[in-house]
Amino acid sequence: MDGAAILLVLAIAGVLSITLFSLKGLFDQLPDLIDSIGRVRDAWHRLRAPKSPPALENEEQPALESDEDPPLAA
């Protein structure tokens, strides 16, 4: 009976260890999953949004919001 109690304690500890390891792995993946869901939602909204007509080449481009010059290309 003494050996059976030791095996039972070891079995319970092993099951708890595997459960905690699995939960930690799941919780480590949640931030990436939430980010991915957000990117999917944004892409879906862009896909379903009404498309604006393409800009004509002769049309004037909108002015910059600030008075500064745009950055120069390197």
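Residues numbered from 1 in each chain as written. Predicted model: local features only at pLDDT ≥ 70, side-chain atom pairs only at ≥ 80, totals over all residues. Heavy atoms only, no water.

### Focus on the overall build of the protein chain
Here is the rule: In this text, helices come from DSSP runs of H or I with a minimum length of four residues, and strands from runs of E with a minimum of two, each type numbered from the N-terminal end. Whether a residue is buried, partly exposed or exposed follows from its accessible area with a 1.4 Å probe, protein chains only, as a fraction of its type maximum: under 20%, in between, or over 50%, in that order.
The helix and strand tally for the protein chain stands at 1 helix and 0 strands. Looking at the protein chain as a whole, 1% of its 74 residues qualify as buried.

### Structural notes on the pattern of salt bridges
Side-chain pairs of opposite charge can arise where the charged atoms are in close proximity. So the rule is basically this: One side-chain nitrogen of Lys or Arg within 4 Å of one carboxyl oxygen of Asp or Glu is enough to make a salt bridge.
Within the structure shown, the criterion is met by 2 salt bridges. Among the ionic pairs, D28 bridges to K24, the shortest N-O distance being 2.8 Å. Of the two residues, D28 and K24 are both situated in helix α1 (residues 2-48); the distance of 4 residues between them amounts to about one turn of the helix. Of the charged contacts in the structure, one is a salt bridge between D42 and R41, with a shortest N-O distance of 3.9 Å.

### Some details on α1
This is how it is decided: To estimate how far a helix should extend, the number of its residues minus one is multiplied by 1.5 Å. The quantity called bend is, for any residue, the angle between two axes fitted respectively to the seven residues ending at it and the seven beginning at it.
For α1, spanning 47 residues, the distance from its first C-alpha to its last is 67 Å, which sits close to the expected 69 Å at 1.5 Å a residue. The sharpest bend along α1 comes to roughly 35°, located at L30, with the proline P31 sitting one to four residues further on.

None of this, on its own, says anything about what the molecule does.
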